[in-house]
Amino acid sequence: MALTGIQIFKLLPKTNCKECGVPTCLAFAMNLASGKAELDSCPYVSDEARAQLSEASAPPIRPFTIGKGVRKAGTGGETVQYRHEKTFYSPTLLAAQVGSDIAAADLETKLKTWNAFQFERVGFNLRPELVAVKDAGGDAAAFAAVAKQIAETSEFNVILITEDAAVMKAGVEACGFKRPLMYAATEANADDFGAIALENDLPLAIKADSVDGLTALSEKLTGMGIKDLVLDPGSRDPKQSNQDMIGIRRAALKDSNRAVGFPTIAFPCEMASNIDVETMLAAMYIAKYGSIVVLSDFTGENVFPLLLERLNIFTDPQRPMTVTEGIYPINNPDENSRVLITTNFALTYFIVSGEIEASKVPTWLLIKDSEGLSVLTAWAAGKFAGDDVGMFVKKSGITDKIKHQEIVIPGYAAAIVGDVEEELPGWTITVGPREAAHIPGFLKA
C-alpha cells in the first residue's frame, strides 16, 4: 500500500528548505502522497529514505515499456481518473490480430498494408504499434514462425496469445528480442507462464473471470517477482467490460489497490461481428480505460479515426499544443516572396503550412505567440490584436529577409487591419482567406 503523508514526512530531512517549491517538508510530503509532487524535487532526501519512498512516489498504475525498436511504447503511469484533473500519460496501444495458421505470404501482405497506416498530424507520426498472434491449434512451430516473421520483418511489436505453456515458450524463443507481451496467465497456468515471463523479463497479461480473480492472480505473480503485468477481467459483454475497466481504474487510483495498479487490455475483436462495431468499442476503450486494444484488422477507415481520438485524449488539457514563435520559410522563399502571419496553435500552423507547401509558392510564414489559441479565439481574447501583431512583425526580423512591405493576415482577423497599419506605417496589410483550404488559390492568384 502507498504511504500516507505523515509516513512520508517522517522519512524527509525536515529542514523546510523550500527548495522543493513548497514552504515546508510536511506540505511536500502531502503533495507526494497525493501524486502532486515528485521525489526528485527534494535534494536532501537520503538514499535509505528514497528507497522507502519509491512506492509512494510511483504512479498508482505501474508504467513500463512493451516492445523494442521504433514502435516500442510505454503503457501505464496514469495518476488520475479523469483527464481534466491533470492529464493522461500513456496512449492506448492499438493491435491487430492474426492466427498462427496464416500463410507466410498472406502475413507479408498484411504487414505491408498495416505498416502503410501512418499519418502526420500536428507534427506527430500517428500509427498502430502491435500485432497479436493467436494460437490457432496448439502448433508451437507454426506459432513461433508467425511471431518470428512479424518481429524480424516489420516494425510492429508482438502480443503472443495462447494459454499453452509449450506454445508460449516457442513464441518467446522466436521473438523474445522484441520484448513481446505474453497473453495470458490464468489460474490454471500461472506458475508456468510466470516462470517464462520471469526468465525472459517480459510483461505478462493475466486473465480472470472477475476483478477479484485478477487481484488474486496479480498478488500471486507479483509475489513471484514479476513486476510488469497487464490486466484482462475476462468480460466480453461491452457493458460489463466497460464497468470492469472503470472499476479497475477506480480501485487503483481511489483505493490505492496495488494489486490492480497495472495497465489493462481489451478485445473488441471478440465482442463484435464486424469491424465497424469493433471500431466503436475500441473508441470507448481509448476513452475509458483500455491501455491496449486488440482489433481483428487494421483498415484506413478504422485506424485513422482511432488514432485521432487517441491524440486528442492523450494530450495535456492544461497545456495547449503550440509551435515556437518565429519565421518559417516554406518552399524556399526569397526577398520577393509573400509574408503570411498566423497564431502558434499547433493545428493552425500545420494546416496552414501544409496548404502553403501544397501551393508550391515560396512563402514566409510568421508564427506569433498566441498562447496556443486559434486565430478567431486569439483575436477575441486579445492575444492577436493589431498593435501586438505589428510590433511582432517589426521585431521578428522578417524585414531583413524581404525587400517589400506587405503582409497577409488571416481572414478571421480582418478587424485588426487598421491597428496593424498604425503600427506598421507604409506597409500594405492584405486580408487573406478565412479557410486554410483557400490559401493555395490565394497565393497563386
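All of these numbers come straight from a predicted model, not from anything done at the bench.

(A) Quick peek at the packing of aromatic side chains. Inspection of every chain in the model, using the stated rule, returns 7 aromatic pairs. Measuring from centroid to centroid gives 5.8 Å for Phe88 and Phe314, while their planes differ by 50°, and the two rings are tilted. Here Phe88 is found in the loop between strand E2 (73-75) and strand E3 (93-99), whereas its partner Phe314 is found in the loop between helix H11 (300-313) and strand E13 (326-330), with 226 residues between them in sequence. Exposure remark for Phe88: the relative accessible area of 7% places this residue in the buried category. Measuring from centroid to centroid gives 4.9 Å for Tyr183 and Phe267, while their planes differ by 55°, and the two rings are tilted.

(B) The nonpolar core, seen in detail. One finds Val98, Trp114, Ile150, Met182, Leu204 and Phe298 to be the most contacted residues of the largest nonpolar core, which totals 82 residues. Residues in contact with Trp114, not counting those within four places in the same chain, are Ala96, Gln97, Val98, Val131, Phe156, Asp297 and Phe298.

(C) Geometry of the pattern of salt bridges. Scanning all chains against the criterion turns up 17 salt bridges. For Glu155, the salt bridge is made with Arg127, and the minimal N-O distance between the two is 3.9 Å. Highlighted residues: Glu155 in the loop between helix H5 (140-153) and strand E7 (157-161) and Arg127 in the loop between strand E5 (124-126) and strand E6 (130-134), separated in sequence by 28 residues. Exposure remark for Glu155: the relative accessible area of 32% places this residue in the partly exposed category.

(D) Region of interest: the pairing of E3. With 6 of 7 residues buried, E3 lies mostly within the body of the structure. With 4 bridges joining them, E3 and strand E12 (residues 292-295) adopt parallel strand pairing. Within E12, the position partnered with Ala96 by the bridge is Leu295. In this structure, E3 lies alongside E6, joined through 5 bridges in parallel fashion. Bridge pairing in E6 links Ala96 to Val131.

(E) Representation of the pairing of strand E10 (residues 229-232) in the model. Of the two faces of E10, both are covered, the one formed by Leu229 and Leu231 as well as the one formed by Val230 and Asp232. Across 4 bridges, strand E9 (residues 204-207) lies against E10 in parallel orientation. Within the sheet, the bridge partner assigned to Leu204 lies in E10 and is Leu229. With helix H8 (residues 211-223) bridging E9 and its parallel neighbour E10, the resulting β-α-β unit is right-handed.

(F) Main features of the layout of surface pockets. Estimates place the volume of the second largest pocket at around 620 Å³. If you trace the second largest pocket, you find 28 residues lining it, with Pro91, Phe124, Leu311, Phe314 and Thr315 closest to the centre. For the lining of the second largest pocket, the secondary-structure elements that each account for two or more residues are E2, E5, H11 and helix H12 (346-359). Grouping the constituent residues of the lining of the second largest pocket by class yields 16 nonpolar, 5 polar and 7 charged.

Analysis parameters
- Residues numbered from 1 in each chain as written.
- Predicted model: local features only at pLDDT ≥ 70, side-chain atom pairs only at ≥ 80, totals over all residues.
- Heavy atoms only, no water.
- Phe/Tyr/Trp six-rings, centres within 6.5 Å; stacked < 30°, edge-to-face > 60°.
- Helix = DSSP H or I, 4+ residues; strand = E, 2+ residues; numbered from the N terminus.
- Buried < 20%, exposed > 50% of the residue type's maximum accessible area, 1.4 Å probe, protein only.
- Core = buried A, V, L, I, M, F, W, Y, C linked by side-chain atoms within 4.5 Å.
- Contact = heavy atoms within 4.5 Å.
- Salt bridge = Lys/Arg side-chain N within 4 Å of Asp/Glu carboxyl O.
- Pairing = 2+ DSSP bridges.
- Right-handed = clockwise from strand over helix to strand, strands pointing away.
- 1 Å grid on protein atoms, 1.4 Å probe; cavity = no way out; pocket = protein on both sides within 12 Å on 5 of 7 lines; lining within 4 Å.
- Points joined across faces, edges and corners; volume = space filled by probe spheres on them.
- Nonpolar A, V, L, I, M, F, W, Y, C, P; charged D, E, K, R; others polar.

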